[in-house]
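Examining the three-dimensional arrangement
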Amino acid sequence: MTVLPDPARVSCHCGAVELSVRLGDALERAWLCDCSMCRRRGSPCASVPEEAITVVKGETLKRYRFGTRTAEYFFCGICGVHTHGRTRNTPTHFGINTGAIEGLHPRDVRAAWFDGVNHPKDQGEAV
(Lines give C-alpha, C1' and ligand atoms only; values in the text may rest on other atoms or scores of the structure.)
Protein backbone atom coordinates (compact mmCIF):
# COMPACT_ATOMS: atom_id res chain seq x y z
CA MET A 1 0.00 0.00 0.00
CA THR A 2 1.05 3.58 -0.60
CA VAL A 3 2.76 5.31 2.32
CA LEU A 4 0.87 8.50 3.11
CA PRO A 5 1.95 11.47 5.20
CA ASP A 6 0.47 11.74 8.66
CA PRO A 7 -1.70 13.72 8.69
CA ALA A 8 -2.93 13.02 5.17
CA ARG A 9 -4.33 15.71 2.88
CA VAL A 10 -7.90 15.26 1.69
CA SER A 11 -9.25 17.61 -0.96
CA CYS A 12 -12.00 18.17 -3.47
CA HIS A 13 -11.31 18.35 -7.21
CA CYS A 14 -11.03 22.14 -7.48
CA GLY A 15 -9.01 22.55 -4.27
CA ALA A 16 -11.51 24.82 -2.49
CA VAL A 17 -11.99 22.22 0.28
CA GLU A 18 -9.00 20.77 2.06
CA LEU A 19 -8.83 18.64 5.19
CA SER A 20 -5.92 17.46 7.28
CA VAL A 21 -6.74 13.96 8.55
CA ARG A 22 -4.87 11.68 10.93
CA LEU A 23 -5.82 8.34 9.37
CA GLY A 24 -3.96 6.00 11.70
CA ASP A 25 -4.96 2.48 10.60
CA ALA A 26 -8.35 3.60 9.20
CA LEU A 27 -7.50 2.45 5.66
CA GLU A 28 -7.19 -1.12 6.98
CA ARG A 29 -10.90 -0.91 7.91
CA ALA A 30 -12.20 0.87 4.79
CA TRP A 31 -15.72 0.02 3.71
CA LEU A 32 -18.10 0.28 0.79
CA CYS A 33 -21.77 0.78 1.58
CA ASP A 34 -24.79 0.08 -0.60
CA CYS A 35 -27.13 2.66 0.94
CA SER A 36 -28.84 5.01 -1.49
CA MET A 37 -26.20 7.73 -1.00
CA CYS A 38 -23.02 5.65 -0.91
CA ARG A 39 -23.81 3.50 -3.93
CA ARG A 40 -24.22 6.67 -5.99
CA ARG A 41 -20.90 8.03 -4.71
CA GLY A 42 -19.12 4.71 -5.28
CA SER A 43 -15.94 5.36 -3.32
CA PRO A 44 -14.84 3.47 -0.21
CA CYS A 45 -14.64 5.38 3.05
CA ALA A 46 -12.29 5.11 6.02
CA SER A 47 -13.61 5.96 9.48
CA VAL A 48 -11.76 8.35 11.79
CA PRO A 49 -12.80 10.04 15.03
CA GLU A 50 -14.04 13.61 14.68
CA GLU A 51 -10.95 14.97 16.46
CA ALA A 52 -8.70 13.45 13.76
CA ILE A 53 -10.02 15.94 11.18
CA THR A 54 -9.02 19.57 10.72
CA VAL A 55 -10.72 21.65 8.04
CA VAL A 56 -7.89 23.63 6.42
CA LYS A 57 -10.03 25.24 3.70
CA GLY A 58 -13.79 24.95 3.77
CA GLU A 59 -15.60 28.14 2.82
CA THR A 60 -17.40 26.27 0.01
CA LEU A 61 -18.17 23.20 2.16
CA LYS A 62 -21.84 22.19 1.96
CA ARG A 63 -23.76 19.66 4.05
CA TYR A 64 -26.46 17.21 2.98
CA ARG A 65 -28.65 15.16 5.33
CA PHE A 66 -31.60 12.89 4.63
CA GLY A 67 -33.65 10.08 6.18
CA THR A 68 -32.88 9.89 9.91
CA ARG A 69 -30.80 13.07 9.54
CA THR A 70 -28.06 11.49 11.67
CA ALA A 71 -25.61 11.01 8.82
CA GLU A 72 -24.16 14.17 7.30
CA TYR A 73 -22.43 14.25 3.93
CA PHE A 74 -20.01 17.10 3.22
CA PHE A 75 -19.05 18.18 -0.28
CA CYS A 76 -17.57 21.12 -2.16
CA GLY A 77 -20.17 23.64 -3.32
CA ILE A 78 -18.07 24.40 -6.42
CA CYS A 79 -16.96 21.06 -7.89
CA GLY A 80 -19.36 18.80 -5.96
CA VAL A 81 -16.79 16.28 -4.69
CA HIS A 82 -17.75 14.52 -1.45
CA THR A 83 -14.86 14.71 1.02
CA HIS A 84 -16.24 13.27 4.25
CA GLY A 85 -19.36 12.48 6.21
CA ARG A 86 -20.61 11.75 9.71
CA THR A 87 -21.69 8.13 10.01
CA ARG A 88 -24.93 6.79 11.50
CA ASN A 89 -23.21 3.82 13.11
CA THR A 90 -20.83 6.00 15.11
CA PRO A 91 -21.88 9.68 14.97
CA THR A 92 -18.62 10.71 16.68
CA HIS A 93 -16.72 9.44 13.61
CA PHE A 94 -16.43 10.61 10.03
CA GLY A 95 -16.07 8.50 6.92
CA ILE A 96 -13.32 9.95 4.75
CA ASN A 97 -13.82 9.52 1.00
CA THR A 98 -10.72 7.49 0.08
CA GLY A 99 -10.92 8.87 -3.46
CA ALA A 100 -10.22 12.34 -2.06
CA ILE A 101 -7.07 11.33 -0.13
CA GLU A 102 -4.15 12.83 -2.00
CA GLY A 103 -1.46 10.33 -2.96
CA LEU A 104 -3.68 7.28 -2.47
CA HIS A 105 -4.37 5.22 -5.58
CA PRO A 106 -7.81 3.52 -5.68
CA ARG A 107 -6.21 0.14 -6.42
CA ASP A 108 -4.52 0.28 -3.01
CA VAL A 109 -7.81 0.42 -1.08
CA ARG A 110 -9.28 -2.89 0.07
CA ALA A 111 -12.78 -2.37 1.39
CA ALA A 112 -15.32 -4.57 3.12
CA TRP A 113 -19.00 -4.29 2.24
CA PHE A 114 -21.47 -2.74 4.67
CA ASP A 115 -25.19 -3.45 4.19
CA GLY A 116 -26.54 0.09 4.31
CA VAL A 117 -29.77 -0.88 2.53
CA ASN A 118 -30.74 -2.94 5.60
CA HIS A 119 -29.19 -0.61 8.18
CA PRO A 120 -30.10 -1.71 11.72
CA LYS A 121 -31.11 1.86 12.65
CA ASP A 122 -33.77 1.72 9.93
CA GLN A 123 -35.09 -1.47 11.54
CA GLY A 124 -35.30 0.02 15.04
CA GLU A 125 -32.26 -1.96 16.27
CA ALA A 126 -29.26 -0.50 18.07
CA VAL A 127 -25.88 -0.69 16.35
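The structure under discussion appears in the preceding block.
Residues numbered from 1 in each chain as written. Predicted model: local features only at pLDDT ≥ 70, side-chain atom pairs only at ≥ 80, totals over all residues. Heavy atoms only, no water.

Below, the discussion takes up the overall build of the protein chain. When helices and strands are counted, the protein chain shows 1 helix and 10 strands. Secondary structure elements of the protein chain, listed N to C terminal, follow the sequence β-β-β-α-β-β-β-β-β-β-β. Classification of the 127 residues of the protein chain by burial places 40% in the buried group. Taking all contacts inside the protein chain whose residues are at least 6 apart in sequence as the whole, residues at least 24 apart take part in 57%. Split by element, the accessible area of the protein chain, about 7200 Å² in all, is 51% carbon and sulfur. (Helix = DSSP H or I, 4+ residues; strand = E, 2+ residues; numbered from the N terminus. Buried < 20%, exposed > 50% of the residue type's maximum accessible area, 1.4 Å probe, protein only. Contact = heavy atoms within 4.5 Å. Areas by Shrake-Rupley, 256 points an atom, 1.4 Å probe, with all protein chains shown as cover.)

Computed from the structure, the second largest pocket encloses a volume of approximately 150 Å³. Along its surface, the second largest pocket is lined by 10 residues, and L4, L23, G24, D25 and L27 are the ones closest to its centre. When grouped by side-chain class, the residues that make up the lining of the second largest pocket number 5 nonpolar, 2 polar and 3 charged. (1 Å grid on protein atoms, 1.4 Å probe; cavity = no way out; pocket = protein on both sides within 12 Å on 5 of 7 lines; lining within 4 Å. Points joined across faces, edges and corners; volume = space filled by probe spheres on them. Nonpolar A, V, L, I, M, F, W, Y, C, P; charged D, E, K, R; others polar.)

Let us now look at the environment of A8. Structurally, A8 can be placed in strand β1 (residues 8–11). Considering only alpha carbons, one finds A8 and S20, 12 residues apart in sequence, at a separation of 5.7 Å.

Glancing now at the nonpolar core. In this structure, V21, L23, V48 and I101 are the most contacted members of the largest nonpolar core, which totals 20 residues. Those elements that place two or more of their residues in this core are β1, β2 (18–21), β4 (45–49) and β9 (93–97). In this structure, I101 is in contact with L4, A8, R9, V10, L23, L27 and I96, ignoring residues within four places of it in sequence. Core analysis: the second largest hydrophobic core is formed by 7 residues, W31, C33, C38 and Y73 among them. (Core = buried A, V, L, I, M, F, W, Y, C linked by side-chain atoms within 4.5 Å.)

In the structure shown here, the tally under the stated rule is 7 salt bridges. A salt bridge links R29 to D25; the nearest nitrogen and oxygen atoms lie 2.5 Å apart. R86 is the salt-bridge partner of E72, the closest N and O atoms lying 2.7 Å from each other. A residue pair is termed long-range when its members are at least 10 positions apart, and E72 in strand β7 (residues 72–76) and R86 in strand β8 (residues 82–86) qualify at 14 residues. Here E72 and R86 have matching classes, each one buried. Taken together, the shared-partner salt bridges connect E50, R63, R65, E72 and R86 into one network. (Salt bridge = Lys/Arg side-chain N within 4 Å of Asp/Glu carboxyl O.)

Here 3 strands make up an open sheet; going across it, the order is β1-β2-β5 and the pairing antiparallel. Either end of the sheet is taken by a strand with one partner, and the two such strands are β1 and β5 (53–57). Within the sheet, the average angular offset between the axes of one strand and its neighbour, ignoring direction, is 30°. In this sheet, β5 lies alongside β2 in antiparallel orientation, the contact comprising 4 bridges. The residue of β5 that forms the bridge with V21 is I53. (Pairing = 2+ DSSP bridges. Axes fitted to C-alpha atoms, helices over the stretch in contact; angles between N-to-C directions.)

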